[in-house]
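Here's the letter readout for the chains.
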Amino acid sequence: MTRPLLEISRLGVEVPIHDRRIPIVEDLSLMISAGEVLALVGESGCGKSMTALAIMRLVPKPLRIASGSEITFDGRPLLELSVPEMRAMRGDSISMIFQDPMSSLNPVRTVGDQVTEVIALHDHRVSRAEARKRTIALFERTGIPEPAARYDAYPHQLSGGLKQRVMIAMALIMQPRLLIADEPTTALDVTVQAQILELLRELQREFQTAILLITHDLGVVNELADRVAVMYGGRIAEEAERVDLLTTSRHPYTKGLLASIPHVDRRHADLTEIPGVVPVPGEGPMGCRFATRCPIAFAPCQDERPPAVDLGSNHCAWCHAVAKEVAAS
Amino acid sequence: MLAYLVRRISYGALTVLGVLFLLFILFFAITNPDDIARKALGEKAGPDVIAQWKTNHGYDRPLLFNNRTGVSGLAHLTDTLLFEHYRRMLTFDFGRSDADDAPIAQRILEGAGPSLSLTVPLFVLGLIVGVTLALFVAFFRETYIDWIVLVGCMLAMSVAILLYIIGGQYLIGMQLKWFPISGYDPNPAVVARFLALPVLVGVVSGFGADTRFYRTVFVEETGKDYVRTARAKGCGEIRVMVRHVLRNALIPILTNIVMAIPFLFTGALLLESFFGIPGLGSLTVEAIQGNDFSTLRTMVYIGALAFIIGQILTDISYTVADPRIRLS
Amino acid sequence: MVGYIISNIAVVALLIGFVVVARAIRSSRMWSDAARNLWRRRPFAIVFVGVFVVIALLDSVAWISAPAAMAGVGDQVAASKPRSIIDRLFAPETFRETSYSAPLADLGFYDKQRLSYPGAHLLGTDILGNDVLYRTFKGVRVALLIGGLTSLIVIPIALAFGISAGYFGGRIDDGVFFVMTVLASVPSLLLLIALIMVLGTGTLQVCVALGVTSWVSFCRITRGETLKIREAEYIQSAKALGVSDWRIIQRHVLPNLIHLVVITFALLFTGLVLSETILSYLGVGVQGSWGQMIDQARDELSRTPVIWWNIAGASVALFTLVLCVNLIADALRDITDPRTRREQS
């Protein structure tokens, strides 16, 4: 089997408060192969953004990556690289786009300038004229109308959708092997969302970029993902191929999520919800994070970490109940 | 853009008229011209001498409305203190000092040179020190260096400027004898020696508050999303500071600079007076100590004018610095 | 003469006011948390300021002694005036020398004669023989009066104008904004001096003059904040529900401005006290202030040997007060900043 492009092993992100260490992300392991789209799904506060920032080593102080974490990209151990070496990877081999394009772009510089900066940072041989040409070409490719004129525009002069296209161009200009997209469509109108997702799909195929797609929207997952990982309370709950997850999920949390999607054809029915609230990091059950809200929780769930249960064909669930079922069958 | 300029300048002109009105109330309505005359001529001066003095200095007209015999038509309004006050101030016809009859405009022209030779280096140096120190500290935020500098600024801010002046004169002028305690010689070869101490005192007394403010601006900008994007692109911390944060931080810093402009006029008041620099500040202090209302009135007017012009300039500079304003 | 009676009443009013405020803070969760937080961060600053306040209060409670009790005192004119607790503690009519003496000295500075109270003057005596520590203590009340009284006048006026301008907008806003702009255009020091030259140099006049020149900056902040608050959705919904403007201001706008008020009070305070030193230099300061002591001490420094205790006493007291208030204001700003508040919970 070919080596995966990105391999995360036992990643932890914690914040030291007083004399405790509160885990935001705990014992997380993931794998992305070259050219694959992995969706990381979960509600707000489950730690998915932190996971993304950890890969880029941009975790904001006072949070930090826990010792014992390992992230390997293309064979290189990211967490052991020196700061200049890591900087060289950002924007070049691994890129990231963020949720709110308005605040994510520098308001006092032109958008074209901000994109060519990426080229200037990573490839000194490219002349300014050449960099400008490449940027405009990529603008065109990302669907920005009148790309040459838009090069000299400022962020506030562009619509949300256009700004996000600029962000995508900025992230892909050096043709990175991995793109991390943190909620790329959440801040956009629904119609624009569809366009951006379409764009990402095309570009992904054309450049053969792997994408780590962070989202809370299962609709987005359905549009883009090859595989899906569901996060809850800082840990992975279930991981599977897209179709498997959407049709034959086994973890009670995933099932709850899927059940809570309103159906157009189910009229006059109450919306199903998962009772309770997401646990605050550091509080709540430390065995299985979902124990207090789970309809089928039993003895070991509160205090014992659920084991990884292999369900075949890349499908894995972390759940005591599922483990019991599998052992019984 | 042009419409904005016109509106802005008109509002400035309106403000000038308002300031003149305020000055009129202060110096003519509340103060009694007879008292001013007596202060200049002495308590024992007779009523004729006082009346003559008042006529010479333009205090002999009624305040707002003139209905004396022989006055008709428009002169009812124009032959009044109010009108004269406006007319003269707006045409820069400043008249003579109440204390010694010298022409005020002349004194102002003579004093402008020495004043500027003090305030301009002070302003530029203070700005450079403040911004550089703040950038440095923002880069090292949340470390010991940050803490030490902040504490230093806090201590520096809490000392009254009077104490800096006295202390500076005592320590550096008297004890160390590096620079003269006071005095001024416009000869370009030696003028720097006389300006060194006042400029030093001025910078030291002001850098504390400035640095803290600039630092806050820089640190706030550093926390913004576009800085995160810049890092995700591969920018190093220094590049982030200089090519991204600085430009954005300039905008609030510009406001602070404009607020410094009137200080250049009055803070220099103390420095000039203590260090014997014959500029506009000394002129004002002499006017205060000599109860010279007409000079004081003029100096206040000029100070206000300088401030209003400075504000207009700053508003215009915003449109240059911030593309969001320029292009909307 | 009536002055000291007013002063006594004011002290009682202040003490009552202090108790009222303390109870209000105790009853509000947010404010008692903030107070506890502040105490945790800046205990020394608070203690020092507390000491200053106590000294000022002691100096504000005064009464006239019965003539019989003062019969033995040499200076009868002074003895028949109202004397405060600080005055009685120090008894300046008797506890004095003829002229300069160094701190804790036994002999006079220039005449080398044995002092009346050898080794008793902690900070020495000034040119008239007054105990410098006594003068420093007297300066506390002046400083707190300048800073505190003026702030107490300025803040309600600036609040009233700022809220009206920000909340009601339109012509009221235009008018208030114009007045603010005009006042702000005049260099404040010059305006201050002009006002004092016109009004006179009594303590009240100086406070009024200081008030006129300092209300603008706070008014501008208030107006800006009110504008922001006015656009908030909960205000819109209150209006839609038919709540009267006055009630909205009272229940929604004012509470959101209080943290600004507290911080502004502290900053205004130090600015005013420092401004007074400049006024003293120019000869228009308040009687008995530290600024005057510093001003009088200027030529003392140029003598040899140097006479330093006069300026030292005043400077240290001034610096300590200003530094402590600055520190408290800084800590308050951190505590009441909505961003840090969220993180701490």
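### Looking at the overall build of chain A
Then, in step 1: The number of helices and strands found in chain A is 12 helices and 13 strands.
Then, in step 2: Overall, the C-alpha framework of chain A stretches about 65 × 50 × 45 Å when taken along its three principal axes.
Then, in step 3: Here chain A holds 329 residues, and the buried ones make up 46% of them.
Then, in step 4: Long-range pairs, those at least 24 residues apart, make up 64% of the contacts in chain A between residues at least 6 apart in sequence.

### What to know about the overall build of chain B
Then, in step 1: What chain B contains, in helices and strands, is 14 helices and zero strands.
Then, in step 2: Relative to the globule expectation of 20 Å for 328 residues, the C-alpha radius of gyration of chain B, 25 Å, shows a markedly less compact shape.
Then, in step 3: Taking the principal axes of its C-alpha atoms as reference, chain B extends roughly 85 × 60 × 35 Å.
Then, in step 4: Counting the 328 residues in chain B, one finds 39% classified as buried.
Then, in step 5: Long-range pairs, those at least 24 residues apart, make up 66% of the contacts in chain B between residues at least 6 apart in sequence.

### What to know about the interface of chain A and chain B
Then, in step 1: Contacts between the two partners involve 24 residues from chain A and, on the opposite side, 18 residues from chain B.
Then, in step 2: Every element with two or more residues in the side of chain A that touches chain B is listed here: helix H2 (83-89), helix H3 (101-104) and helix H4 (111-122) of chain A.
Then, in step 3: Sorting elements by how many residues they give to the side of chain A that touches chain B places H4(A) first, with four residues.
Then, in step 4: Across the side of chain A that touches chain B, the residue classes break down as 12 nonpolar, seven polar and five charged.

### Section: unusual backbone geometry
Negative phi is the rule for most residues except glycine; trans is the rule for most peptide bonds.
Residues and elements named next belong to chain A.
Then, in step 1: The omega torsion across Lys61 and Pro62 is 0°, close enough to zero to call that bond cis.
Then, in step 2: Along the polypeptide, Pro62 turns up in the loop between helix H1 (48-56) and strand E4 (64-65).
Then, in step 3: Phi at Arg57 takes a positive value of approximately 55°, unusual for a residue other than glycine.
Then, in step 4: Mapped onto the elements of the fold, Arg57 is located in the loop between H1 and E4.
Then, in step 5: Of note, Glu146 is a non-glycine position whose phi angle comes to about 50°, a positive value.
Then, in step 6: Mapped onto the fold, Glu146 is located in the loop between helix H5 (128-141) and helix H6 (147-151).
Then, in step 7: Glu146 sits in the exposed class, given 11 other C-beta atoms within 10 Å.

### With respect to the pairing of strand E3 (residues 37-41) of chain A
All names here are of chain A.
Then, in step 1: Burial runs high along E3: five of the five residues are buried.
Then, in step 2: Residues of E3 alternate between two faces, with Val37, Ala39 and Val41 on one and Leu38 and Leu40 on the opposite face, all of them buried.
Then, in step 3: Pairing of E3 with strand E9 (residues 210-215), which is carried by five bridges, proceeds in the parallel orientation. Residue pairing across strands places Ala39 opposite Leu213, the latter belonging to E9.

### A few points about the interface of chain B and chain C
Then, in step 1: Contacts between the two partners involve 34 residues from chain B, matched on the other side by 29 residues from chain C.
Then, in step 2: Secondary structure elements with two or more residues in the side of chain B that touches chain C: helix H1 (2-30), helix H7 (144-157), helix H8 (161-175), helix H11 (237-275), helix H12 (280-289) and helix H13 (293-321) of chain B.
Then, in step 3: A breakdown of the residues in the side of chain B that touches chain C according to their chemical character gives 25 nonpolar, nine polar and no charged.

### Observations regarding the packing of helix H6 (residues 132-168) of chain C against helix H7 (residues 170-185) of chain C
Residues and elements named next belong to chain C.
Then, in step 1: Here H6 crosses H7 at 140°, and the two axes come no closer than 7 Å. With respect to H7, the element H6 is oriented oblique. Handedness of the crossing formed by H6 with H7: left-handed. Judged by residue contacts, Phe161, Ser164, Ala165 and Phe168 of H6 engage Gly170, Ile172, Asp173, Val176 and Phe177 from H7.
Then, in step 2: For the contact of H6 with H7, the residue count by class is six nonpolar, two polar and one charged.

### Observations regarding the pairing of strand E8 (residues 178-182) of chain A
All names here are of chain A.
Then, in step 1: Burial runs high along E8: five of the five residues are buried.
Then, in step 2: Neither face of E8 is left uncovered, since the one carrying Leu178, Ile180 and Asp182 and the one carrying Leu179 and Ala181 both have all their residues buried.
Then, in step 3: Note that strand E7 (residues 94-97) and E8 share four bridges and pair parallel. Within E8, the residue paired with Ser95 across the bridge is Leu179.
Then, in step 4: In the classification by handedness, the crossover that spans E8, the intervening helix H8 (residues 190-207) and the parallel E9 is right-handed.

### Points about the packing of H1(B) against H7(C)
Then, in step 1: H7(C) packs onto H1(B) with a crossing angle of 70° between their chain directions and a minimal axis gap of 9 Å. When the axis of H1(B) is compared with that of H7(C), the two are roughly perpendicular. Counting all contacts with H1(B), which are made through B:Thr15, B:Gly18, B:Val19 and B:Leu22, the residues of H7(C) involved are C:Phe178, C:Thr181, C:Val182 and C:Ser185.
Then, in step 2: Classifying every residue of the contact of H1(B) with H7(C) gives four nonpolar, four polar and no charged.

### Examining the confidence of the model for chain B
Then, in step 1: On average, residues of chain B score 82 in pLDDT, and 95% of them are at 70 or above.
Then, in step 2: Least confident of the elements in chain B is helix H4 (residues 75-78) of chain B, whose mean pLDDT is 71; most confident is helix H10 (residues 225-233) of chain B, at 93.

### Brief notes about the arrangement of the chains
Then, in step 1: Comparison of the two pairs of chains in contact shows the highest number of contacts for chains B and C.
Then, in step 2: In this structure chain A stays clear of chain C, and the shortest span between their C-alpha atoms is 10 Å.

### What about the sheet that holds strand E11 (residues 235-241) of chain A?
All names here are of chain A.
Then, in step 1: Pairing within the open sheet is mixed, and its eight strands lie in the order E7-E8-E9-E3-E10-E11-E13-E12. Sheet topology places E7 and strand E12 (308-310) at the edges, where each strand pairs with a single neighbour. Across the sheet, the mean angle separating the axes of adjacent strands is 20° when strand polarity is ignored.
Then, in step 2: Pairing analysis gives four bridges linking E3 to strand E10 (residues 227-232), with the strands arranged parallel. Its bridge partner lying in E10, Leu40 is registered against Ala229.
Then, in step 3: Along the sheet face, H1 touches E3, E7, E8, E9 and E10 and points at about 150° away from the line of E8.

### A look at the nonpolar core
Then, in step 1: Core analysis: the largest hydrophobic core is formed by 243 residues, its most contacted members being A:Ala39, A:Ile180, A:Leu212, A:Leu213, B:Val300, C:Ile193 and C:Ile328.
Then, in step 2: A domain split of this core shows at least three residues from each of domain 1 (2-88) and domain 3 (139-344) of chain C.
Then, in step 3: With sequence-adjacent residues up to four places away left out, A:Leu212 is seen in contact with A:Ile32, A:Leu38, A:Leu40, A:Ala52, A:Leu178 and A:Ile180.

### Here's the deal with helix H8 (residues 188-199) of chain C
Residues and elements named next belong to chain C.
Then, in step 1: In a regular helix each residue adds 1.5 Å, so 12 residues correspond to 16 Å; H8 covers 16 Å between its end C-alpha atoms and thus fits that length.
Then, in step 2: Most of H8 is tucked away: 10 of the 12 residues are buried.
Then, in step 3: Among all positions in H8, only Ser188, Leu189, Leu190, Leu191, Leu192, Ile193, Ala194, Leu195, Ile196 and Met197 are buried.
Then, in step 4: Immediately downstream of H8, the backbone of Gly200 shows phi near 115°, a positive value.

### Here's the deal with the environment of C:Ser214
Residue and element names in this part refer to chain C.
Then, in step 1: Here Ser214 shows up in helix H9 (residues 203-230).
Then, in step 2: Sequence separation between Ser214 and Ala158 is 56 residues, and the spatial gap between their C-alpha atoms is 9.3 Å.
Then, in step 3: For Ser214, the residues in contact, after removing those within four places along its chain, are Val154, Leu268 and Leu272.

### As for the environment of C:Glu231
Residues and elements named next belong to chain C.
Then, in step 1: With respect to the helices and strands, Glu231 occurs in the loop between H9 and helix H10 (233-240).
Then, in step 2: Looking at Glu231, the number of C-beta atoms within 10 Å reads 9, which means it is exposed.
Then, in step 3: With 64 residues separating them in the primary sequence, Glu231 and Tyr167 have C-alpha atoms 9.5 Å apart.

### What about the environment of C:Ala105?
Residues and elements named next belong to chain C.
Then, in step 1: Turning to its location among the elements, Ala105 is positioned in the loop between helix H5 (85-90) and H6.
Then, in step 2: Residues Ala105 and Thr270 lie 165 residues apart in sequence; the distance between their C-alpha atoms is 34 Å.
Then, in step 3: Other than its neighbours up to four places away in sequence, Ala105 contacts Leu115 and Gly124.

Thresholds, definitions, all that
Residues numbered from 1 in each chain as written. Chains lettered and ligands numbered in written order. Predicted model: local features only at pLDDT ≥ 70, side-chain atom pairs only at ≥ 80, totals over all residues. Helix = DSSP H or I, 4+ residues; strand = E, 2+ residues; numbered from the N terminus. Buried ≥ 20, exposed ≤ 12 C-beta atoms within 10 Å, placed from the backbone. Contact = placed C-beta atoms within 7 Å. Rg over C-alpha atoms; globule rule 2.2 N^0.38 Å. Nonpolar A, V, L, I, M, F, W, Y, C, P; charged D, E, K, R; others polar. Pairing = 2+ DSSP bridges. Axes fitted to C-alpha atoms, helices over the stretch in contact; angles between N-to-C directions. Parallel < 35°, antiparallel > 145°, perpendicular 65-115°, else oblique. Left-handed = near helix turned anticlockwise from the far one by under 90°. Right-handed = clockwise from strand over helix to strand, strands pointing away. pLDDT = per-residue confidence, 0-100. Core = buried A, V, L, I, M, F, W, Y, C linked by C-beta atoms within 7 Å. Domains from an automatic or database assignment. Expected span 1.5 Å × (residues − 1).

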